[in-house]
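Now for the letters of each chain:
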Amino acid sequence: MTWIKNAVIDVAITAVIVAYTLTLAAWGWWIIAIYTPLMLLLKIFALSGAAVNVQRKADSVPSWFYHVLYGLNVALLLYSAFVYAAIGWAAIWILSTIAESQSRPKAKK
């Protein structure tokens, strides 16, 4: 579980989304509204090939953890009727899956 320190920001934004879903607080809306497009741009940049490919480290976050967080984010945002953010997080999830599949070592024939 040493990898959890590498996922602090993702856990924190999920906590903000949970707080927003429970309270519909304006501060939560703003954080989500600003962070979602920023994250989307970062994922697009990573897939564009302009980002440097790095090998996964032994203490990197397992992919299932991101799937759980992103799925939870999408579900909570849909539940709270923040549809645009839910669509953004679904896109982030899809782009992350594509980036992960591209970063895996290819099997030799």
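Preceding this section is the structure that the text describes.
Below or above, wherever it landed, is the structure these notes cover. (Residues numbered from 1 in each chain as written. Predicted model: local features only at pLDDT ≥ 70, side-chain atom pairs only at ≥ 80, totals over all residues. Heavy atoms only, no water.)

In this model, Leu24 sits at a positive phi of 55°, which is unusual for a non-glycine residue. On the secondary structure map, Leu24 appears in the loop between α1 (8-23) and α2 (26-47). In this model, Ala81 sits at a positive phi of 65°, which is unusual for a non-glycine residue. By secondary structure assignment, the location of Ala81 is in the loop between α3 (63-79) and α4 (83-103). (Helix = DSSP H or I, 4+ residues; strand = E, 2+ residues; numbered from the N terminus.)

A few words now on the nonpolar core. Counting 21 residues, the largest nonpolar core has Ile17, Ile32, Leu77 and Trp89 as the members making the most contacts within it. Ranked by the residues each element gives to this core, the list is headed by α3, at 6 residues. The contacts of Ile32, once residues within four sequence positions are left out, are Val16, Ile17, Tyr20, Pro37, Leu77, Phe82 and Ala85. (Core = buried A, V, L, I, M, F, W, Y, C linked by side-chain atoms within 4.5 Å. Buried < 20%, exposed > 50% of the residue type's maximum accessible area, 1.4 Å probe, protein only. Contact = heavy atoms within 4.5 Å.)

A full pass over the atoms with the stated rule returns 7 aromatic pairs. Between Trp64 and Phe65 the ring centres are 5.8 Å apart and the planes differ by 85°, which places this aromatic pair in the edge-to-face class. Judged by centre distance (5.6 Å) and plane angle (50°), the ring pair of Tyr70 and Trp89 falls under tilted. Here Tyr70, found in helix α3, pairs with Trp89, found in helix α4; they are 19 residues apart in sequence, far enough to count as distant. Site record: aromatic cluster; members linked through ring pairs are Tyr20, Trp29, Trp30 and Phe82. (Phe/Tyr/Trp six-rings, centres within 6.5 Å; stacked < 30°, edge-to-face > 60°.)

We now examine the packing of α1 against α2. Two elements in contact, α1 and α2, have axes separated by 9 Å at closest approach and are oriented at 140°. It follows that α1 is oblique to α2 by the angle criterion. When the axes of α1 and α2 are compared, the crossing they make is left-handed. Residues Ile9, Asp10, Ile13, Val16, Ile17, Ala19 and Tyr20 of α1 touch α2, and the partners they reach there are Trp27, Gly28, Trp29, Ile31, Ile32, Tyr35 and Met39. Its residues placed into classes, the contact of α1 with α2 shows 12 nonpolar, 1 polar and 1 charged. (Axes fitted to C-alpha atoms, helices over the stretch in contact; angles between N-to-C directions. Parallel < 35°, antiparallel > 145°, perpendicular 65-115°, else oblique. Left-handed = near helix turned anticlockwise from the far one by under 90°. Nonpolar A, V, L, I, M, F, W, Y, C, P; charged D, E, K, R; others polar.)

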